[in-house]
Amino acid sequence: MQIFQCRACGSRLYFGNRLCLGCGRQTAYLAEGVAMVAVDIGNDGAPLPLADVDRSRRWRHCLHRANDDACFWLVDEADGTPLCRSCRLSVLIPDLSDPINHARWKRVEAAKQWLIHSLLELRLPFERETSGVPPLEFHLLSAQPGHRVITGHQESLITIDVAEADDEIRLRRRASLGEPYRTLLGHLRHEVGHYYWQVLASRPGFFDGFRSLFGDEGVDYSQSLDRHYQQGAVSDWQGRYISAYASSHPWEDWAESWAHFMHVVDAVDTARAHRLRLDDVLEPAGLYGPWPPDGETLLDLWQPVSLLINDLNRAVGMPDAYPFVVSPTVRDKIAFVSAQARALASPG
Ligand SMILES: [Zn+2]
Ligand SMILES: [Zn+2]
Ligand SMILES: [Zn+2]
């Protein structure tokens with residue numbers, strides 16, 4: 001995540017803040033500028049973003065800001081919908097009259113806002129049909145008696161069990177599955193990886209690279225997952241997969257690798273935003289070259305940055321922020337994902 005500044009007073013604007021802590025102006029996310037901005041209020045009460053935007057355009061706050069304090073994104077009035085580019089993707093949400101649902105849904109939307117911001121930064125398509133795959137959609141659901149919700153994806157639809165926003169529930173599931181890492185943002189980045197697999201699958205040459213790294217995706221999916229949950233991961237998974245779950249099926253390996261590509265891009269970008277200086281030996285290509293860098297450079301940079309964030313966490317008594325080992329095989333997979341994402345990105 002980059003560091004955003006209030007154009008009126010120069011204070012830092014954090015992603016998600018509703019007010020500038022320096023000058024008290026309202027703040028909002030301007031998807032067109034891929035940035036947090038301060039806003040003035042026009043005579044008619046409409047927000048006026050302090051940013052390089054066409055002054056003739058009219059904006060409003062997303063409906064979920066006033067109603068639920070669940071959003072902070074601006075909506076272009078010309079879009080003809082009261083919901084912003086993140087909220088409008090949630091075609092089903094839980095019953096918000098239940099305060100537990102309401103609190104959980106807000107946390108899922110916050111993670112989704114971060115995800116969508118990353119997709120905008122990477123200039124990846126998600127709002128239009130791409131290669132025959134419909135636009136991305138979300139069902140954010142709460143389990144009901146007799147109705148389980150399973151986090152997962154089907155074609156362009158991502159379903160999230162909002163109970164994952166409850167720390168106690170998520171940590172219990174994490175422990176029972178023996179996972180070192182389980183977060184809402186991680187779920188979203190994994191599931192969106194499945195979406196982009198479908199988008200990429202029709203591109204010439206994709207399967208040659210995919211199958212040589214991830215294997216044959218034609219092996220029976222439900223049998224593979226059943227075997228994974230009954231017998232656990234293959235014993236030597238650490239050298240070949242980023243996580244135990246990635247070893248369950250080539251599709252899951254891809255989705256895990258995609259999620260890690262997004263973690264790595266975001267974390268290295270954050271290091272850049274903070275003007276981190278790496279040791280010359282550890283900085284093979286430089287943090288401040290063209291962005292985003294190619295996959296090999298990105299992973300070269302990630303090595304020292306990931307050690308740093310883990311050491312910083314240990315220094316304050318926290319567990320590792322990135323409890324994973326990027327083996328040479330895993331590195332090749334993430335570099336392949338990175339190259340595919342670059343090829344899919346619209347020109348900057
Ligand atoms: Zn300010
Ligand atoms: Zn919104
Ligand atoms: Zn998956």
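Residues numbered from 1 in each chain as written. Chains lettered and ligands numbered in written order. Predicted model: local features only at pLDDT ≥ 70, side-chain atom pairs only at ≥ 80, totals over all residues. Heavy atoms only, no water.

Undergrad: Outline the domain arrangement of the protein, supporting the account with residue identities and numerical values.
TA: On domain assignment, one finds that the protein holds domain 1 (1-83), domain 2 (86-188) and domain 3 (203-344). Taken over C-alpha atoms, the centre of domain 1 sits 33 Å from the centre of domain 3. Each partner contributes to the interface: domain 1 provides 4 residues, whereas domain 3 provides 5 residues. Carbon and sulfur atoms supply 43% of the area buried between domain 1 and domain 3, which totals about 360 Å² over both sides. (Domains from an automatic or database assignment. Contact = heavy atoms within 4.5 Å. Buried area = accessible area lost by both parts, 1.4 Å probe.)

Undergrad: Hey, could you go over the sheet that holds strand E3 (residues 26-30) for me, with residue numbers and the actual values?
TA: The 3 strands lie next to each other as E3-E4-E5, forming an open sheet whose pairing is antiparallel. Lying at the two open borders of the sheet, with one neighbouring strand each, are E3 and strand E5 (47-49). Adjacent strand axes in the sheet meet at a mean angle of 50°, parallel and antiparallel pairs treated alike. With 5 bridges connecting them, E3 and strand E4 (residues 35-41) associate as antiparallel partners. Paired with Tyr29 across the strands is Met36, a residue of E4. (Pairing = 2+ DSSP bridges. Helix = DSSP H or I, 4+ residues; strand = E, 2+ residues; numbered from the N terminus. Axes fitted to C-alpha atoms, helices over the stretch in contact; angles between N-to-C directions.)

Undergrad: Tell me what's going on with the coordination of the zinc ion (ligand 2), and back it up with residues and numbers.
TA: The zinc ion (ligand 2) binds to the protein through Cys62 (SG), Cys71 (SG), Cys84 (SG) and Cys87 (SG); the donor distances cover 2.2 to 2.3 Å. Considering all 4 donor atoms around the zinc ion (ligand 2), angles at the metal cover 105 to 116° and the coordination shape is tetrahedral. For the zinc ion (ligand 2), the single-chain donor residues occur in sequence as C-x8-C-x12-C-x2-C. A residue pair is termed long-range when its members are at least 10 positions apart, and Cys71 in the loop between helix H1 (63-68) and strand E7 (74-76) and Cys84 in the loop between E7 and strand E8 (90-92) qualify at 13 residues. When sorted by exposure, Cys71 lands in the same class as Cys84, which is buried. (Donors = N, O, S within 2.8 Å, 3.2 Å for Na, K, Ca; no water. Tetrahedral: all angles 85-135°; square planar, octahedral: opposite > 155°, others 65-115°. Buried < 20%, exposed > 50% of the residue type's maximum accessible area, 1.4 Å probe, protein only.)

Undergrad: Run through the packing of helix H5 (residues 206-214) against helix H10 (residues 328-344), naming residues and quoting values.
TA: Where H5 meets H10, the closest approach of the two axes is 10 Å, and the angle between their N-to-C directions is 160°. Here H10 runs roughly antiparallel to H5, going by the angle between their axes. Between H5 and H10 the crossing geometry is left-handed. Of the residues in H10, those in contact with Phe206, Gly209, Phe210, Leu213 and Phe214 of H5 are Asp332, Lys333, Phe336, Val337 and Gln340. (Parallel < 35°, antiparallel > 145°, perpendicular 65-115°, else oblique. Left-handed = near helix turned anticlockwise from the far one by under 90°.)

Undergrad: Run through the coordination of the zinc ion (ligand 1), naming residues and quoting values.
TA: Protein coordination at the zinc ion (ligand 1) comes from Cys6 (SG), Cys9 (SG), Cys20 (SG) and Cys23 (SG), with a distance range of 2.3 to 2.4 Å. The site at the zinc ion (ligand 1) holds 4 donor atoms, and with the angles between them running 98 to 117°, its shape is tetrahedral.

Undergrad: Report on the nonpolar core, specifying residues and quantitative values.
TA: If you look at soluble globular proteins, the nonpolar side chains tend to sit buried side by side. In terms of nonpolar packing, the biggest core is built from 80 residues, with Trp73, Leu119, Val192, Tyr196, Trp254 and Trp258 touching the most fellow members. Apart from the residues within four sequence positions on either side, Trp254 is in contact with Gly193, Trp197, Leu200, Phe206, Phe210, Phe214, Phe336, Val337 and Gln340. By size, the runner-up hydrophobic cluster in this structure holds 8 residues, among which are Ala28, Leu30, Val39 and Trp59. (Core = buried A, V, L, I, M, F, W, Y, C linked by side-chain atoms within 4.5 Å.)

Undergrad: Residue-level account of the pattern of salt bridges, with values.
TA: Tallying each qualifying case throughout the model produces 29 salt bridges. With a closest N to O distance of 3.0 Å, Arg7 and Asp52 form a salt bridge. Of this pair, Arg7 sits in the loop between strand E1 (4-5) and strand E2 (12-13) while Asp52 sits in the loop between E5 and strand E6 (59-61), placing them 45 residues apart in sequence. Of the two residues, Arg7 and Asp52, both sit in the exposed class. Here the salt bridges do not stand alone but share partners, grouping Glu32, Arg57, Asp76, Arg85 and Glu127 into one network. (Salt bridge = Lys/Arg side-chain N within 4 Å of Asp/Glu carboxyl O.)

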